[in-house]
Protein chains: 2
Amino acid sequence: MSVTAAQGFTASGVAAGIKENGNPDLALVVNTGPRLSAAAVFTSNRVKAAPVLWSEQVLKGGQVSAVVLNSGGANACTGPLGFQDTHATAEKVADVLGHSAGEVAVASTGLIGVRLPMDAVLSGVETAAAALSEHGGEKAAIAIKTTDTVHKTAVAQSPAGWTVGGMAKGAGMLAPGLATMLVVLTTDADLDTAGLDTALRAATRTTFDRIDSDGCMSTNDMVLLMASGASGVTPGAAEFAEAVREVCADLARQLIGDAEGASKDIRIEVVGAATEDDAVEVGRSIARNNLLKCAVHGEDPNWGRVLSAIGTTSADFEPDQLNVAINDVWVCKNGSVGEDRELVDMRYREVRITADLSAGSASAVIWANDLTADYVHENSAYSS
Amino acid sequence: MSVTAAQGFTASGVAAGIKENGNPDLALVVNTGPRLSAAAVFTSNRVKAAPVLWSEQVLKGGQVSAVVLNSGGANACTGPLGFQDTHATAEKVADVLGHSAGEVAVASTGLIGVRLPMDAVLSGVETAAAALSEHGGEKAAIAIKTTDTVHKTAVAQSPAGWTVGGMAKGAGMLAPGLATMLVVLTTDADLDTAGLDTALRAATRTTFDRIDSDGCMSTNDMVLLMASGASGVTPGAAEFAEAVREVCADLARQLIGDAEGASKDIRIEVVGAATEDDAVEVGRSIARNNLLKCAVHGEDPNWGRVLSAIGTTSADFEPDQLNVAINDVWVCKNGSVGEDRELVDMRYREVRITADLSAGSASAVIWANDLTADYVHENSAYSS
């Protein structure tokens with residue numbers, strides 16, 4: 001299903017030889033129309049990879065006929081020559097498909113600071129173009145994996161006859177400032193660029209923007225939404241936005257569930273906040289607290305570490321009015337000892353932390369992971 | 001030496017029974033005058049432990065006759081009853097020594113959210129008072145250890161006849177916002193509170209405030225400087241400030257060198273910054289990047305992770321003018337590949353990262369640690 005669940009799209013995934021282990025590493029997703037409208041959000045990291053700089057330019061035109069994605073190399077911090085490599089990749093796709101390079105988006109993921117093997121990339125584009133299929137979505141999703149243990153896809157179908165589908169990769173350096181890692185969404189809804197942009201920004205704000213596996217923001221993050229209009233149906237804005245949000249939330253949850261080395265998925269809900277911004281600030285501070293992440297790994301309901309994380313924020317709260325629940329046991333009440341911590345059962349993979357600031361009625365949910373020896377091993381034993 | 005290196009101070013460290021393992025856990029440092037002037041800096045965490053709230057009040061008077069410190073319990077997030085426990089501890093010290101409780105500072109360290117065993121604390125104060133000695137500095141330094149593997153002391157002696165000495169503890173939750181963990185400094189210089197305060201704030205700003213072991217700010221941090229005036233010498237402000245800075249830098253370096261689970265000490269120097277604030281922001285962002293910390297643990301000169309961390313800051317720089325050296329090899333030049341990364345030798349415990357922003361002439365040094373499986377183990381296997 002994935003990016004070919006919606007009508008008007010073909011896709012493929014091939015092993016181009018970019019990865020030394022011979023795994024699939026190049027994906028192509030093509031919009032066969034009739035529309036070519038598109039919107040995207042990109043990393044807010046100021047050190048941006050060449051494909052991000054290129055695709056930002058492409059998206060200014062509001063039309064994307066194809067996106068080519070490679071794993072096995074981020075093409076970040078590679079200077080003017082790296083940008084030329086991205087440009088050449090887009091030109092090659094345009095050449096093979098008979099499109100304009102100015103409508104070809106490029107995305108890359110892998111090690112920062114290494115040039116791509118362009119012979120492999122360019123011949124891989126030819127192979128991928130030859131393999132394009134209306135059933136190629138899953139192969140494309142597989143080809144963009146790096147340290148992901150599984151490929152990630154999601155679909156939302158409207159009874160009105162249109163569909164939103166998508167694929168994502170991401171397993172580390174996962175703390176989006178705007179988008180996260182590589183995500184391609186497709187729809188056959190008949191919408192213009194402005195309609196896509198509104199729905200996409202609303203969806204990513206409360207999904208990809210609220211996962212924080214390891215506090216590290218990538219140089220390559222990109223979420224691209226392409227519409228073919230092939231269903232001939234123009235959905236209502238709210239209905240479409242909800243479908244995009246649903247697919248984004250599904251993919252974001254899958255990213256957290258497959259984060260590097262993680263043994264727990266932590267759902268942090270901040271309630272009673274004066275503003276949503278306060279709730280997000282507090283949630284993110286908890287999500288990034290290494291000591292708390294270790295405690296969750298050890299299945300230790302160490303609420304003191306939650307309070308010490310809240311205390312570093314500028315959110316509106318009084319220390320003696322903070323309440324914290326772990327898996328629904330209110331272990332901290334009024335900033336002090338609450339219910340018996342022995343009542344907390346943390347054996348399951350999903351752990352729920354609720355922080356009540358007692359300062360208003362706003363709330364937010366941030367998803368995070370625990371910190372494990374496996375994370376350390378995966379990120380110290382080799383470059384990634 | 002430690003806090004009794006300067007004339008006019010006695011100290012002791014005893015096993016009061018606060019720690020279940022029977023290790024020393026209560027220290028007392030007494031200023032025998034003739035002066036009792038003092039200054040302190042406290043954690044900027046808004047969730048403050050009871051002893052921090054108490055000692056902030058004491059310091060407003062500018063006079064401290066004694067400080068009592070316990071390990072084995074932070075007395076943080078313990079509500080009004082926890083504050084009463086701190087008050088009772090100060091009253092007990094005042095009672096035994098014949099001082100005023102309003103001049104007795106209290107400091108605690110250990111698990112958050114648990115009341116102190118007050119019978120043990122109060123009888124421990126009596127034992128500690130009976131053990132006070134002009135040679136008790138080392139025992140006091142030992143008694144404030146928690147997960148520290150070694151006790152930390154430092155001394156600076158002026159040829160003019162005055163001395164600054166100190167002790168510190170700290171091994172985790174080590175990312176001070178203002179002070180760090182528990183530090184007591186003493187001097188026999190003849191200075192008033194204002195003179196101490198100026199020197200202390202200048203010293204902590206570039207020492208304790210610039211270490212960041214794990215990004216986690218404590219609820220209990222405190223650095224206390226007490227002056228007895230017993231040398232009869234009033235040093236010049238600059239000379240005294242330098243001695244205090246030297247002792248603080250020495251202790252801060254010892255804290256980093258003994259951080260929980262660490263295998264590397266990382267010296268991050270940011271140069272070419274437009275402002276010192278920019279340099280500190282960039283240094284701290286690098287210091288807190290878990291992926292980089294893992295890479296350093298794996299002795300991998302992964303400069304891409306340095307650039308991705310710099311890219312998340314608001315500092316003044318252009319991505320294509322960033323230069324990064326690891327152990328003096330400039331592996332990144334102009335935001336792209338520089339010297340051969342194979343030239344970097346990272347086998348030793350100290351690793352030096354230099355980030356040149358090419359935006360000005362300001363600089364700063366931040367000290368950090370790597371992220372290891374041992375850190376995860378130490379902070380997940382049991383509450384601390």
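Bear in mind the structure is a predicted one, so any value in this text is a computation, not a measurement.

Caption draft 1: Focus on the pairing of strand β10 (residues 222-227) of chain B. Residues and elements named next belong to chain B. Counting buried residues along β10, 6 of its 6 residues qualify, which places the element largely inside the surrounding structure. The alternating pattern of β10 places Met222, Leu224 and Met226 and Val223, Leu225 and Ala227 on opposite faces, both of which are buried. Summarising the sheet, strand β3 (residues 37-42) and β10 pair through 6 bridges and their orientation is antiparallel. Bridge pairing in β10 places Ala39 opposite Leu225. With 6 bridges connecting them, strand β8 (residues 182-187) and β10 associate as parallel partners. Note on β10: the bridge partner recorded for Val183 is Val223.

Caption draft 2: Layout of the environment of Gly98 of chain B. All names here are of chain B. Looking at the element boundaries, Gly98 is found in the loop between α2 (79-97) and β5 (104-109). Taking relative accessible area as the criterion, Gly98 reaches 63% and is therefore assigned exposed. Sequence separation between Gly98 and Ala295 is 197 residues; the distance between their C-alpha atoms is 55 Å.

Caption draft 3: Just the packing of helix α1 (residues 50-60) of chain B against α2 of chain B, in detail. Residue and element names in this part refer to chain B. Close contact between α1 and α2 brings their axes to 8 Å; oriented N to C, the two are set at 50°. It follows from the interaxial angle that α1 and α2 lie oblique. Read as a crossing pair, α1 and α2 show a hand that is right-handed. Contacts between α1 and α2 involve Ala50, Pro51, Leu53 and Trp54 from the former and Gly82, Phe83, Thr86, His87 and Ala90 from the latter. Residue classes in the contact of α1 with α2 are distributed as 6 nonpolar, 3 polar and no charged.

Caption draft 4: Representation of the side chain of Thr207 of chain A. All names here are of chain A. Along the chain, Thr207 falls in the loop between α5 (193-205) and β9 (211-212). Here Ala203 takes part through its backbone oxygen, which lies 2.6 Å from a polar atom of the side chain of Thr207. Excluding its chain neighbours within four sequence positions, the residues that come into contact with Thr207 are Arg245, Cys248, Ala249 and Ala252.

Caption draft 5: A look at the pattern of salt bridges. A full pass over the atoms with the stated rule returns 36 salt bridges over all chains. The residue Lys333 of chain B makes a salt bridge to Glu339 of chain B at a minimum N-O spacing of 3.7 Å. Using a relative accessible area of 31% as the deciding quantity, one classes Glu339 of chain B as partly exposed. Within the structure, one salt-bridge network assembled from shared partners comprises Asp148, Lys152, Lys169 and Asp258 of chain A.

Caption draft 6: View of the relation of the copies chain A and chain B. Each copy of the sequence occupies a distinct position, and chain A is placed on chain B by a rotation of 180° and an axial shift of 0.0 Å, giving an RMSD of 0.0 Å. What we have between these two chains is a two-fold relation. No C-alpha of chain A lies nearer the rotation axis than that of Ala373 of chain A, which sits 2.2 Å from it. Interface overlap between copies: 100% of the residues of chain A at the interface are likewise at the interface in chain B, consistent with a symmetric, same-surface contact.

Caption draft 7: Just the packing of helix α5 (residues 193-205) of chain B against helix α6 (residues 237-257) of chain B, in detail. All names here are of chain B. At a closest axis distance of 8 Å, the pairing of α5 and α6 adopts a crossing angle of 45°. It follows that α5 is oblique to α6 by the angle criterion. Considering only the axes of α5 and α6, their crossing is right-handed. Residues Leu196, Ala199, Leu200 and Ala203 of α5 touch α6, and the partners they reach there are Phe240, Ala241, Val244, Arg245 and Cys248. Along the lines of polarity and charge, the residues of the contact of α5 with α6 split into 8 nonpolar, no polar and 1 charged.

Caption draft 8: View of the domain arrangement of chain A. Residue and element names in this part refer to chain A. Taken domain by domain, chain A consists of domain 1 (2-257) and domain 2 (265-380). With centres defined by C-alpha atoms, the gap from domain 1 to domain 2 works out at 33 Å. Counting residues at the interface gives 14 residues for domain 1, matched by 17 residues for domain 2. When domain 1 packs against domain 2, the two sides together hide about 1,300 Å² of surface, and 36% of this comes from carbon and sulfur. For the domain 1 face of the interface with domain 2, the top three residues by lost area are Arg210, Asp212 and Arg253, together amounting to 48%. Linking domain 1 with domain 2 are 3 salt bridges. Taking the shortest distance from any N to any O, the salt bridge between Glu350 and Arg253 comes out at 3.1 Å. Linking domain 1 to domain 2 there are 5 residue pairs in polar contact (both at pLDDT 80 or more).

Caption draft 9: Summary view of the UniProt feature "binding site: substrate" (unreviewed entry) in chain A. All names here are of chain A. The feature "binding site: substrate" (unreviewed entry), as given by UniProt, occupies Thr146, Lys169, Thr180, Glu260, Asn379 and Ser384 in the numbering adopted here. Inspection of the secondary structure assignment puts Asn379 in helix α10 (residues 373-380). What makes Asn379 buried here is its relative accessible area of 1%.

Caption draft 10: Just the packing of aromatic side chains, in detail. In this structure the tally under the stated criterion is 4 aromatic pairs over all chains. Just above the ring of Phe317 of chain B sits the side chain of Arg46 of chain A; from NZ or CZ to the centre is 3.9 Å.

Caption draft 11: Structural detail: the sheet that holds strand β16 (residues 362-369) of chain B. Residues and elements named next belong to chain B. An order of β9-β16-β11-β15-β12-β13-β14 is seen for the 7 strands of this open sheet, with the pairing classed as mixed. Whereas interior strands pair on both sides, the edge strands pair on one side only; in this sheet they are β9 (211-212) and β14 (336-337). Two strands pair when backbone bridges link them, and strand β13 (residues 329-333) and β14 are joined in this way by 2 bridges, in the antiparallel orientation. Along β14, the bridge assignment pairs Lys333 with Ser336. Sheet strands in contact with helix α9 (residues 303-310) are β12 (323-326), β13, β14 and β15 (350-356), and its direction is about 135° off that of β12.

Caption draft 12: Structural context of the sheet that holds β10 of chain B. Residue and element names in this part refer to chain B. Strand order across the open sheet formed by 5 strands is β3-β10-β8-β7-β6, with mixed pairing between neighbours. Edge positions in the sheet fall to β3 and β6 (152-157), since each has one partner strand and no second. Strand-to-strand, the axes of this sheet are offset by a mean angle of 10°, without reference to chain direction. Bridge analysis of strand β7 (residues 163-169) against β8 gives 6 bridges, and the strand direction is antiparallel. Following the sheet pairing, Met167 is matched in β8 by Val184. Sitting on the sheet, α1 touches β3 and β10, and the angle it makes with β3 is about 140°. Strands β6, β7, β8 and β10 of the sheet are contacted by α6, whose axis makes an angle of about 160° with β6.

Cut-off values and rules
Residues numbered from 1 in each chain as written. Chains lettered and ligands numbered in written order. Predicted model: local features only at pLDDT ≥ 70, side-chain atom pairs only at ≥ 80, totals over all residues. Heavy atoms only, no water. Buried < 20%, exposed > 50% of the residue type's maximum accessible area, 1.4 Å probe, protein only. Helix = DSSP H or I, 4+ residues; strand = E, 2+ residues; numbered from the N terminus. Pairing = 2+ DSSP bridges. Axes fitted to C-alpha atoms, helices over the stretch in contact; angles between N-to-C directions. Parallel < 35°, antiparallel > 145°, perpendicular 65-115°, else oblique. Left-handed = near helix turned anticlockwise from the far one by under 90°. Contact = heavy atoms within 4.5 Å. Nonpolar A, V, L, I, M, F, W, Y, C, P; charged D, E, K, R; others polar. Polar contact = N/O pair within 3.5 Å; in protein donor to acceptor, adjacent residues only side chain to side chain. Salt bridge = Lys/Arg side-chain N within 4 Å of Asp/Glu carboxyl O. Least-squares fit on C-alpha atoms with pLDDT ≥ 70 in both. Domains from an automatic or database assignment. Buried area = accessible area lost by both parts, 1.4 Å probe. UniProt positions renumbered as here; feature names shortened; annotations may be inferred. Phe/Tyr/Trp six-rings, centres within 6.5 Å; stacked < 30°, edge-to-face > 60°. Lys NZ or Arg CZ within 6 Å of the ring centre and 35° of its normal.

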